[in-house]
Amino acid sequence: MRLQLDLVAVLPVLAPVLAAVLVLLVDVAVPGRRSPHLWLGAAGLLGGAAAALPGVWQPAGDTRQGLCLPDGWCAYAADDLTSMLQLGALLGALVVLVLAWPEWSAAGSGGGVEPTGRAPVVTALLLTATAGVVAVPAAGDLGSLLVSLELATLPTVVLVALVRTTWAAPRRARAVDGAVALLTTSLVSFGLLALGAGFWAAATGSTRFAGAASVDHPELLVLAAVLLVAGLAFKVSAVPFHAWTPITYAAAPLPVTTYLATVSKVAALGGLVVVVRALGTVEGTTLLAIALLAAASMTVGNLVALTQQDAVRLLAWSTVAQAGWVLLPLATLSSRAASAAGSYLVVYLVATLLAFVVVVAVAGTVRHGPVEDPAGPAAATALAAHRGLLRARPLLAVPLGLALLTLAGLPPAVAGVVAKVVALRPVLGDETWWLAVVAALNVALGIAVYLRWLVVLASSEGSPQGEGPAAAAGAGGDTDVRTTVEATTGPAVDVRLWVLVGLLTALLVLGSIVPLGTI
Amino acid sequence: MPDLPDLDWSDLQLPDVPLPDLPMLDLWGGPAHWAILATLLAALAGLGLTGRSNRLGAWVGVGGALTAVVATLWQLYTLTQIRGSERELGTIGGLALGELEAPLRLLVSWPTALVAVTVAAVALVVQGYARWYLWYDPRYRPFAATVSLFTAAMLLVVHSDDLLLTLVGWEVMGWCSYLLIGHQSTRSAAARAAGKALLVTRTADIGFVLGIVALATGAGTTRTTEVVAHWSDVGASPTLTTALCLLVVGVAGKSALFPFQDWLPDAMEGPTPASALIHAATMVAAGTVVLAQLFDLLVLSGTARTLLAVLACVTMIGAAVLAFAQADLKRLLAWSTVSQVALMLAVLAAATTVTGPDAALQHLVAHAWFKALLFLTTGWLGVLVGGTAMAVVTSGARRYRVLRHRFGWGLLALAGVPPFVGFFSKELILGTAEAGSAGAGGMASVLVLASVGASAPLTAAYCMRAWLVLNRPTAIQGHAAAYHPGPVDRIDDFFDEPQIVQEAEGVERAEAAISSSARMGTSFLMLMTVLGGLVLLLPVWGPQVHLDLQLTLATLLLMAVSALLVRLAAGGVRTRDAAARIPAAASLAAERGLYADTAYRALVATPVLALARAVAWFDDQVLDAWVRGAGVGARLLGRVGDLTSPRRATPALALVLAGVVVLAGIGVMVP
């Protein structure tokens, strides 16, 4: 048996892996350096994105194939939707890398206890996880799917746990807690996935996804699909597989949280799309499970997000709710559903990345100095820290508002509106009315969730720091307050963050002018 | 009664006059376009372009009306040059309304063209008059613009061949009447009268709109001629009857028929030029125009005709009686308008296909001339004596002799005395009603004939009463009449006699008070109360009416008797006011319109407000409670979810496994 490799097609996966290997090699060759690893990582991600780019514009139906057997079947096949997801994942990972840059390139504490920092390790982990994420949507058989999914998950566990040694002990313990929650959930999910894969193979007689036109035991196939979906659902944080999400998000460093909230979802959705497409070719199957997951995720996510007082926790629960929206079109198993879910995910990706970048920027301005805030991250990411941001830092507040409106699906951010309409269209076309009603109710709930944050942004009371020195300054006159606000806005926002904010905002604005998914 | 020869109207009509063959100058659209657009643009310009200049505002208003007069006069000439004497014009092109066609066309025929001339001419006179009357009013410019808009709307209704255009003009007139009546908006009485006019007419408009919708949807088009043709082919049907009855209700509102009559006397709160416009040529007469356009349908439905006849007859008689008892000259004229408009509508109910609806339009034209004259003269007198209450205007026509002919001719025309214009139009009405009751008109015609016969002496009575009061000799004149100088032969200074001095002073003051253009306008109207008869005698009016001279003589005799009775009743009263003989309670009730306002409030306003409060309470306390509860509930649920969501890994795993079991169960069981 001769395997046809076709390395150019596989380059989106290969580039981050190569970069990871190079990072480790460089660390061996030139120990003690920190920033070259990050540059290498960025280059690897960019290279992957560049390799994925041509796939986005290929005509519908065409695929870029690699690792093919002589009989024509390929373990790797990327069509336009897959390429779009890969591109989103790679660029999202790049954003995360830039976000994490100052933290990862910083020297360790204690001058010699941790002389090299964590740069090579975390960079390599990020790259390998991203490679896994990129490989999942293109997987052609169960084996590739399982392996790439684990590749996408396990490094993130380490990323959560591997916090800076300068952090306070309780915080580090919490981070380990978060990592454990993620690890155990992922292991159980992997078990479910393996079980589902076994059933699938038993039902169709093959581990490949393509070509399962008819099956002997449809119940078995449905059971297999349910198990596969359940296994994947933890990664997209659908209720009831979401429980790790708030624990881990709140405990992990902000860039890693960003990674989990955005790039990781691409893997999950990619896997779901693969399963749904495979099921769609089989006659007469429906997947009520996905509809239930979507409805439950939206409702629970929005309801709980409504009561959160912390920006990161709110975003975590919003992720749960948005997972419901991503799953929503897939409940119909139609061919249009996959692309609808894909375009929703891309819009969600950009908006969430933007929100996280602004949260990181605001947290940076609130913290005095890089670290060592006794209150920990809680005070820096609390919603109260965003109070009056529209007055104090309009250039941060307006993009954040745009991101929130996109997530809520309110008009100035047309991209969000169109994404929601596109996601609802297959459901309406399928006449699954109960699901459409639940989705409509959740639109209202979601607006309430994000408007809460927006109101905080626009409110004029207090300084961005809430109960900081501004309040201590007491009842001074107008000028007093202004000077204290200026004094307490803390360090200026990093130029890299400004660039990210600008680029992501531009993407959202562009998406609102030429909405995705209308074609 | 001597046996009198029969007479046909055509015997009286003027012969056809050969007209000079002028070139037909139709520049950029027909004259109807010019008339409507000129007034409409004058309204817009009057609001937007005149800045703070009253002078410019007046020029714009008068200019617009003048253009309309010229255009409508030219339109008359063009009609003589057109075979068939009907002219169709397009406007902005058809509307795309799906299955419903809305070509939005205009139609000009002789009757409508003559009505249009009347409307435009009265509007011109009113504009010229308002220029004087409201010169020192800070809100003169909006007033002039509203008058222009009002005229445009009426001209649109007159020329319209599309129910949609009719509705547009109809509603615009409603709003304009609100603005004009409430012109002095700081006075609460004016604001209330304006609100009342709007609410009452708009309530009735519900019927008008529903009727139009029913007619148009049935015919599949909004073009009036096609609607008429369609329903005439269908013949009498319950749908048509319902639609026409609704339409009659709408017309009753705008034309102040019972039970909607009470808004019109209250509308006297508006400035006098506005009253003249509303009463003479526009608003209240619009219903007559619309029903005349739909006349061929009205004759098909006996129910609608009877409804119209009953409403009109009740109004005609009742309003004439109430007019007699009013203690204010303007209110007397207002009630007389209610009565006269009811007369126009009654003849529409009485007419048959043989006689046609033209008598109503002829009375509209005649009424426009003399009613505008009476209102404008009353306004003039009001300025001179400081009010229009009967006690104040006593002897007005004697003290200011320049008003004497204006009042005299106007009242004679109103009473229908030959040779004034009112005589001719009332003869036509009598003839039409008689032809109807003798022919196919049925009950409605008989009822109308009887009511018209009864209203003639009543009209004569209140006209006589007004005249006696206005024409009472002043004290000085009384003394002069009583004092007979002996046959002393001496050359006297003419101006020593106090009576002469008073008269000269009165003329001087009256002439000095008014502007020449306003005075010229009233002179023109006065002329038209005499010459207007010639307009009615033009050979262009529709089907012929047979005149019964016996009936004419009997009516005139009745009028004379009632006038004589009024004269007798007036004797011995200081102001020569025959109404002083009426008991105080009855007089008060009449002045308050028989407490119709109280009835409106008790029967309509109070229940509606109570219902509104109930609905608001329901909305606030029941529906909103659910909404508020949803907000609180969502928050509570969220808190519960937050508290119950696992904080550590172990319960999270349990949740995952439970979820898988449930999903797998559903996945296997359900399909």
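Right, let's walk through the structure included here. (Residues numbered from 1 in each chain as written. Chains lettered and ligands numbered in written order. Predicted model: local features only at pLDDT ≥ 70, side-chain atom pairs only at ≥ 80, totals over all residues. Heavy atoms only, no water.)

1. Some details on the overall build of chain A
So, point 1. Per the secondary structure count, chain A includes 21 helices and two strands.
So, point 2. Look at the contacts in chain A between residues 6 or more apart in sequence, and 78% of them connect residues 24 or more apart.
So, point 3. With an accessible surface of roughly 18,800 Å², chain A has 68% of that area assigned to carbon and sulfur atoms. (Helix = DSSP H or I, 4+ residues; strand = E, 2+ residues; numbered from the N terminus. Contact = heavy atoms within 4.5 Å. Areas by Shrake-Rupley, 256 points an atom, 1.4 Å probe, with all protein chains shown as cover.)

2. What about the environment of Ser-297 of chain A?
Residues and elements named next belong to chain A.
So, point 1. The residue Ser-297 is located in helix H11 (residues 288–305) in this model.
So, point 2. A relative accessible area of 0% places Ser-297 in the buried class.
So, point 3. The sequence separation of Ser-297 and Thr-319 amounts to 22 residues, and the corresponding C-alpha distance is 9.2 Å. (Buried < 20%, exposed > 50% of the residue type's maximum accessible area, 1.4 Å probe, protein only.)

3. Overview of the pairing of strand E1 (residues 64–68) of chain A
All names here are of chain A.
So, point 1. Of the pairings in the sheet, the one linking E1 to strand E2 (residues 74–78) comprises four bridges and is antiparallel in character. Of the residues in E2, the one forming a bridge with Arg-64 is Ala-78.
So, point 2. Connecting E1 to the antiparallel partner E2 that follows it, the hairpin turn spans five residues, and Gly-72 within it adopts a positive phi of roughly 100 degrees. (Pairing = 2+ DSSP bridges.)

4. Digging into the state of the cysteines
So, point 1. Scanning all chains against the criterion turns up one disulfide over all chains.
So, point 2. Sulfur-sulfur distance for the disulfide between Cys-68 of chain A and Cys-74 of chain A comes to 1.8 Å. With the S-S bond torsion at 95 degrees, the cross-link from Cys-68 of chain A to Cys-74 of chain A turns out right-handed. Each member of the pair, Cys-68 of chain A as well as Cys-74 of chain A, is classed as buried.
So, point 3. With no disulfide of its own, Cys-463 of chain B has Cys-313 of chain B as its nearest cysteine by sulfur position, at a separation of 19 Å. (Disulfide = S-S within 2.5 Å.)

5. Observations regarding the nonpolar core
So, point 1. By size, the foremost hydrophobic cluster in this structure holds 190 residues, and its most contacted members are Leu-215, Trp-263, Leu-297, Leu-308, Leu-345, Leu-348 and Trp-380 of chain B.
So, point 2. The greatest single-element share of this core, amounting to 18 residues, is contributed by helix H16 (residues 358–385) of chain B.
So, point 3. Apart from the residues within four sequence positions on either side, Leu-215 of chain B is in contact with Leu-163, Val-227, Trp-231, Leu-240, Ala-243, Leu-247, Leu-294 and Leu-297 of chain B.
So, point 4. Of all hydrophobic cores here, the second largest spans 183 residues; its members include Val-133, Leu-287, Leu-353 and Ala-355 of chain A. (Core = buried A, V, L, I, M, F, W, Y, C linked by side-chain atoms within 4.5 Å.)

6. Here we look at the pattern of salt bridges
Residue and element names in this part refer to chain B.
So, point 1. Counted by the stated rule, this structure contains 17 salt bridges over all chains.
So, point 2. Residues Arg-401 and Glu-503 are paired through a salt bridge, measuring 3.6 Å at the closest nitrogen-oxygen approach. With Arg-401 in the loop between helix H18 (396–399) and helix H19 (404–415) and Glu-503 in helix H23 (residues 498–513), this pair connects stretches of sequence that are 102 residues apart.
So, point 3. You can call Glu-503 buried: its relative accessible area is 17%. (Salt bridge = Lys/Arg side-chain N within 4 Å of Asp/Glu carboxyl O.)

7. So, the interface of chain A and chain B
So, point 1. At the interface, 31 residues of chain A touch 26 residues of chain B.
So, point 2. Across the chain A/chain B interface, buried area totals approximately 2,300 Å², and carbon plus sulfur atoms make up 80% of it.
So, point 3. Applying the counting criterion to the chain A and chain B interface returns zero salt bridges.
So, point 4. Taken together, the links from chain A to chain B amount to one residue pair in polar contact (both at pLDDT 80 or more).
So, point 5. Counting only elements with at least two residues in the side of chain A that touches chain B, the list comes to helix H6 (169–204), helix H7 (218–236), helix H8 (244–251), H11, helix H12 (311–330) and helix H18 (433–458) of chain A.
So, point 6. Residues of the side of chain A that touches chain B, tallied by class, amount to 23 nonpolar, six polar and two charged. (Buried area = accessible area lost by both parts, 1.4 Å probe. Polar contact = N/O pair within 3.5 Å; in protein donor to acceptor, adjacent residues only side chain to side chain. Nonpolar A, V, L, I, M, F, W, Y, C, P; charged D, E, K, R; others polar.)

8. Describing a nonpolar patch on the surface
So, point 1. Together, Val-17, Val-21, Leu-22 and Leu-25 of chain A make up a nonpolar patch on the protein surface, roughly 310 Å² of accessible area in all.
So, point 2. Counting through the fold element by element, Val-21 of chain A comes out in helix H1 (residues 7–29). (Patch = residues over 30% accessible without salt bridge, like charges linked within 9 Å, V, L, I, M, F, W, Y side chains within 5 Å.)

9. Considerations on the packing of aromatic side chains
Residues and elements named next belong to chain B.
So, point 1. Throughout the structure, instances matching the rule amount to 14 aromatic pairs over all chains.
So, point 2. Measuring from centroid to centroid gives 4.0 Å for Trp-170 and Phe-208, while their planes differ by 0 degrees, and the two rings are stacked. Note that Trp-170 is positioned in helix H6 (residues 163–181) and Phe-208 in helix H7 (residues 188–219), a separation of 38 residues in sequence. The burial state of Trp-170 is the same as that of Phe-208; both residues are buried.
So, point 3. Note on Phe-423 and Phe-424: the rings are 5.6 Å apart at their centroids and 70 degrees apart in plane angle, and the pair reads as edge-to-face. (Phe/Tyr/Trp six-rings, centres within 6.5 Å; stacked < 30°, edge-to-face > 60°.)

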